[in-house]
Each structure stands twice: as C-alpha cells, then as structure tokens.
Amino acid sequence: MTTATPETLISQDSTLVLLTVEEAARRLQIGRTTCYALIRSGELESVPVGRLRRVPSDAPAAYVARLRTANCAA
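Predicted, not measured: the structure shown is a model, and the values here were computed from it.

Calculation criteria
- Residues numbered from 1 in each chain as written.
- Predicted model: local features only at pLDDT ≥ 70, side-chain atom pairs only at ≥ 80, totals over all residues.
- Heavy atoms only, no water.
- Core = buried A, V, L, I, M, F, W, Y, C linked by side-chain atoms within 4.5 Å.
- Buried < 20%, exposed > 50% of the residue type's maximum accessible area, 1.4 Å probe, protein only.
- Helix = DSSP H or I, 4+ residues; strand = E, 2+ residues; numbered from the N terminus.
- Contact = heavy atoms within 4.5 Å.
- Axes fitted to C-alpha atoms, helices over the stretch in contact; angles between N-to-C directions.
- Parallel < 35°, antiparallel > 145°, perpendicular 65-115°, else oblique.
- Nonpolar A, V, L, I, M, F, W, Y, C, P; charged D, E, K, R; others polar.
- Pairing = 2+ DSSP bridges.

Participant: Sorry if this is basic, but what is going on with the nonpolar core here?
Facilitator: Looking at soluble globular proteins, one finds that nonpolar side chains tend to be buried together. Listed in full, the 12 residues of the largest apolar core are Leu19, Val21, Ala24, Ala25, Leu28, Cys35, Leu38, Ile39, Leu44, Val55, Ala59 and Tyr63. Listing elements by their share of this core, those giving two or more residues are helix H2 (21-28), helix H3 (32-41) and helix H4 (59-73). Here the element with the most residues in this core is H2; it accounts for four residues. Excluding residues that lie within four positions of it along the chain, Leu44 makes contacts with Leu28, Cys35, Leu38, Ile39, Val55, Ala59, Pro60 and Tyr63.

Here it is in structure tokens:
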C-alpha cells in the first residue's frame with residue numbers, strides 16, 4: 001500500500017487554476033529545465049503572478065493537443 005504525500009496530492013488536485021512550473025513539468029512528464037524552455041519559447045503558456053511564474057492548469061493539455069495536431073499534419 002502506498003501513501004500519498006501532500007506534494008503528490010497537490011500535484012493531482014484538479015481544482016487548481018494555476019500550476020507551478022514543477023507541477024506542469026510533472027504533468028507533462030518532462031524535466032523542469034525543459035518546461036522552462038517551452039515557456040521561454042512560447043510553446044507552453046504561462047502567466048506572471050508577482051515575481052512568480054505560473055502555468056494555467058489547462059495549458060499542458062493544450063500543448064499536447066498542439067503536438068498531436070502537428071504530428072497528424074506531418
């Protein structure tokens with residue numbers, strides 16, 4: 001039996017509106033550095049919240065949808 005840590009529960013919380021970059025990277029199953037690169041390039045949407053950078057919770061799914069569309073067109 002595995003026990004869920006508070007971090008795991010937060011990252012799986014579907015009610016979150018904004019994700020940290022780390023949470024978005026975890027959902028995409030990529031590294032944090034790669035996630036920041038996607039944000040810098042504009043491929044993954046993000047918004048500033050004060051001095052923080054957050055990813056809207058629907059942005060990872062939208063990114064994957066764009067990848068799938070581009071892959072089908074190729």
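Participant: Looking at this structure, how should I read the packing of H2 against H3?
Facilitator: Helices that pack against each other are described as a pair by the angle of their axes relative to one another and the distance between those axes. One can describe the packing of H2 onto H3 by two numbers: an axis separation of 9 Å at closest approach and a directional angle of 105 degrees. Compared by their axis directions, H2 and H3 come out roughly perpendicular. Contacts from Val21, Glu22, Ala24 and Ala25 in H2 reach Arg32, Cys35, Tyr36 and Ile39 in H3. Across the contact of H2 with H3, the residue classes break down as six nonpolar, no polar and two charged.

Participant: How do you make sense of unusual backbone geometry when you look at a structure like this?
Facilitator: Across the chain, the bulk of peptide bonds are trans and the bulk of non-glycine residues have phi less than zero. For Gln29, which is not glycine, the phi dihedral falls at a positive 55 degrees. By relative accessible area, which is 75% here, Gln29 ends up exposed.

Participant: Looking at this structure, how should I read the sheet that holds strand E3 (residues 52-56)?
Facilitator: The pairing of strands in a sheet comes from backbone hydrogen bonds and takes either a parallel or an antiparallel form. On the basis of which strands lie adjacent, the open sheet formed by three strands has the order E1-E3-E2 and antiparallel pairing. The sheet is open, and its two edges are formed by strand E1 (18-19) and strand E2 (47-49), each paired on a single side. Of the strand pairs in this sheet, E1 and E3 are connected by two bridges, and their pairing is antiparallel. From the neighbouring strand, Leu18 faces E3, where its bridge partner is Pro56.

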